[in-house]
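Read off the chains here:
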Amino acid sequence: MKRLIPYLTFLVSALLMCSCQAAQNQDQTPVAPESDDILVSFTESTSHVTNPERGFYSALDIRPSDSALSKSRVMSIRSEGRTLMYLGFYLTNFMNGDISQAFLDKMQACFDALRDGGAKCILRFAYQSSEGSKPWDPSQEIVLRHVEQLKPLLIKNKDVIFVLQAGFVGVWGEWYYTQNFIMNPRSDADYIPRKNLIDALMAALPQERQIEVRTPQFKMRMYGLSLKDTLTQATAHDGSLKSRLGGHNDCFGASQEDYGTFDNESGDRAFWKADSRYTIMGGETCNVSEYCTCDASRKDMNDYHWTYLNIDYNGQVLSRWRNSGCFDEIVDRLGYRLVLDEVYHSANAQPGKEYRIVLNLENKGWAAPMNPRNANIVFIDNNGNQTSFPLGSDPRTWHPGKHQIGVKFNLPSAEGTFYLDLSDPLLPNRPEYSIALANKDVFSSKTGLNKLFEL
């Protein structure tokens, strides 16, 4: 530790942090360091950091005849540094009626395995996995009935659902090869069947979770949106339908328009670039092209705020990234990578008196954390007594770039240790679901806490 000398050093650095979004509550005065504060510096880790709700995912399709996902498989995937799985449930056997209780039970077993193993899922439901198998999807009435059946599962397991892909429509649930939802919608009326599905899914899925559609045009056309209607800091994460509707690109970098993901004329690229700052973006690659070189991919993942990507597909694209030297960077920067630079804290530590802590951190990833998350300063005194102080800052606002976040509180004791808690509010006692800062000797996998400093 050392004292901050001189104070002008801080003033200059604060001015340079013009991109910093302090993320304080609107009614809270920002807390900044003072001239006599003590400075603690931190070192960034050079290792990959295994963190929840981000990164490469492993995929698994499950049909009624398949075995359920096991805890051991989830733990094996975690041991390889991945915390996300894509679960695709195929409802082919139920295109004329209700989903069987046996298959609903198997789905629940999969969610239980995720929870026990310490991972979350990118979730999709579909009916067919081949263009040659017809019908490609059931009637709209059957689909909406299935959504109603799945609602209790979605509510019960929201803690291990990272995001729900819209699915249901067409082969693979990718919203293209469809017989019952208008394959090439053009008029506003043509989009109504798909909008009805999204409305039903929004009602079934708890408000804390987002739904992804396959292209930006779907969100724009179903809800009459244009570039002026993209989300902002003020409208993001407010529980509205618009704030909960993200996107997935399953042909990332495959061609100039990513095999139909963009039409390159409607402003849909600009829409997704702006909107994805506040909504989840992910998917997979599907073809080698000039648009998935390292330079092109880095730029697109930055522009569209990518959070997750398939580790298994497309193998040729992934090999190109490995051979060209950018694969490890993609591993690190998908989603968030929170690096703590400095902590300033009050020099005078008196129990019962006001105490100040200010964090300077940088998000070196391509996106902010996207689901609700705790953000607390935790103090554990030398007798083991623990006290938490909310930061008054929402991690979902910690976008790529630098951030300064400060808090004041009455100090419980003059002896103890301070930590940063970034736990999952739905899984608060599970360290596997807490965010680890990308710093050396800071995160404890046993407690899920990031150590800041000792008094």
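Reading guide: rules and limits
- Residues numbered from 1 in each chain as written.
- Predicted model: local features only at pLDDT ≥ 70, side-chain atom pairs only at ≥ 80, totals over all residues.
- Heavy atoms only, no water.
- Helix = DSSP H or I, 4+ residues; strand = E, 2+ residues; numbered from the N terminus.
- Polar contact = N/O pair within 3.5 Å; in protein donor to acceptor, adjacent residues only side chain to side chain.
- Contact = heavy atoms within 4.5 Å.
- Expected span 1.5 Å × (residues − 1).
- Buried < 20%, exposed > 50% of the residue type's maximum accessible area, 1.4 Å probe, protein only.
- Core = buried A, V, L, I, M, F, W, Y, C linked by side-chain atoms within 4.5 Å.
- Pairing = 2+ DSSP bridges.
- Disulfide = S-S within 2.5 Å.
- Phe/Tyr/Trp six-rings, centres within 6.5 Å; stacked < 30°, edge-to-face > 60°.
- Salt bridge = Lys/Arg side-chain N within 4 Å of Asp/Glu carboxyl O.
- 1 Å grid on protein atoms, 1.4 Å probe; cavity = no way out; pocket = protein on both sides within 12 Å on 5 of 7 lines; lining within 4 Å.
- Points joined across faces, edges and corners; volume = space filled by probe spheres on them.
- Nonpolar A, V, L, I, M, F, W, Y, C, P; charged D, E, K, R; others polar.

Tracing the backbone shows Q210 in the loop between α5 (192–204) and β7 (211–213). A distance of 2.9 Å separates a polar atom in the side chain of Q210 from the backbone nitrogen of I280. Not counting chain neighbours up to four residues away, the residues in contact with Q210 comprise V163, L164, L205, H237, S243, R244, G246, Y278, T279, I280 and M370.

Let's shift gears to α5. Over its 13 residues, α5 runs 18 Å from end to end, which matches the ideal 18 Å to within 8%, given 1.5 Å per residue. Residues of α5 that are buried include every one of P193, R194, L197, I198, L201, M202 and A204, and no others. Packing partners of the buried residues in α5 comprise α4 (140–156), β6 (161–165), β7, α6 (216–222) and β8 (245–252).

L87 and M107 are the most contacted members of the largest nonpolar core, which has 51 residues in total. Counting residues per element, this core draws most heavily on helix α3 (residues 101–117), at 7 residues. If we ignore the near neighbours within four places in the chain, the residues touching L87 are L60, I62, L69, C110, L114, C121, I122, L123 and R124. Counting residues in hydrophobic clusters, the runner-up holds 28 residues, among them L340, I357, L361 and F389.

Quick look at the pairing of strand β16 (residues 416–421) now. Burial within β16 is extensive, with 6 of its 6 residues counted as buried. Here β16 shows no split at all, with G416, F418 and L420 on one side and T417, Y419 and D421 on the other all buried. With 6 bridges connecting them, strand β13 (residues 376–381) and β16 associate as antiparallel partners. Residue pairing for β16: V378 is matched across the bridge by Y419.

A word on the state of the cysteines. With the rule as written, the count across this model stands at 2 disulfides. Between the sulfur atoms of C251 and its disulfide partner C286 the distance amounts to 2.1 Å. Residues C251 and C286 share a disulfide whose torsion about the S-S bond is about 115°; that sign makes it right-handed. Linking C251 in strand β8 with C286 in the loop between β9 (281–285) and α8 (294–303), this pair joins segments that are 35 residues apart in sequence. With respect to burial, C251 and C286 carry one shared label: buried. Note that C294 is cross-linked by a disulfide to C326, the S-S spacing being 2.1 Å. Residues C294 and C326 are joined through a disulfide that is left-handed, its torsion about the S-S bond being -80°. Linking C294 in helix α8 with C326 in the loop between α9 (315–324) and α10 (327–333), this pair joins segments that are 32 residues apart in sequence. In terms of burial, C294 and C326 fall into one category: buried.

Turning next to the packing of aromatic side chains. For the structure on display, the rule yields 23 aromatic pairs. Seen from their ring centres, F56 and F327 are 5.2 Å apart, and the 25° between their planes marks the pair as stacked. Placement of F56 in strand β3 (residues 55–62) and of F327 in helix α10 is noted, with a sequence separation of 271 residues between them. Under the relative-accessibility criterion, F56 is labelled buried at 6%. Accessibility expressed as a relative area gives 11% for F327, which makes it buried. Geometrically, the ring pair formed by F409 and F418 is tilted, given 5.9 Å between the ring centres and 50° between the ring planes. Here the two residues F409 and F418 agree in accessibility, since each one is buried.

Before going further, it helps to examine the pattern of salt bridges. This structure, assessed with the given rule, holds 28 salt bridges. A salt bridge links R356 to D37; the nearest nitrogen and oxygen atoms lie 2.6 Å apart. Of this pair, R356 sits in strand β12 (residues 354–363) while D37 sits in the loop between α1 (7–16) and β2 (38–41), and the two are 319 residues apart along the sequence. You can call R356 buried: its relative accessible area is 7%. A single salt-bridge network, built from bridges that share partners, covers E44, D332, R337 and K364.

In this section: the layout of surface pockets. Considering only enclosed or pocket space, the largest pocket measures out at about 590 Å³ in volume. W175, Y176, T215, Y259 and G260 are, among the 21 residues lining the largest pocket, the residues nearest its centre. By residue number, the principal contributor to the lining of the largest pocket is α6, which donates 3 residues. Looking at the lining of the largest pocket, its residues break down into 11 nonpolar, 5 polar and 5 charged.

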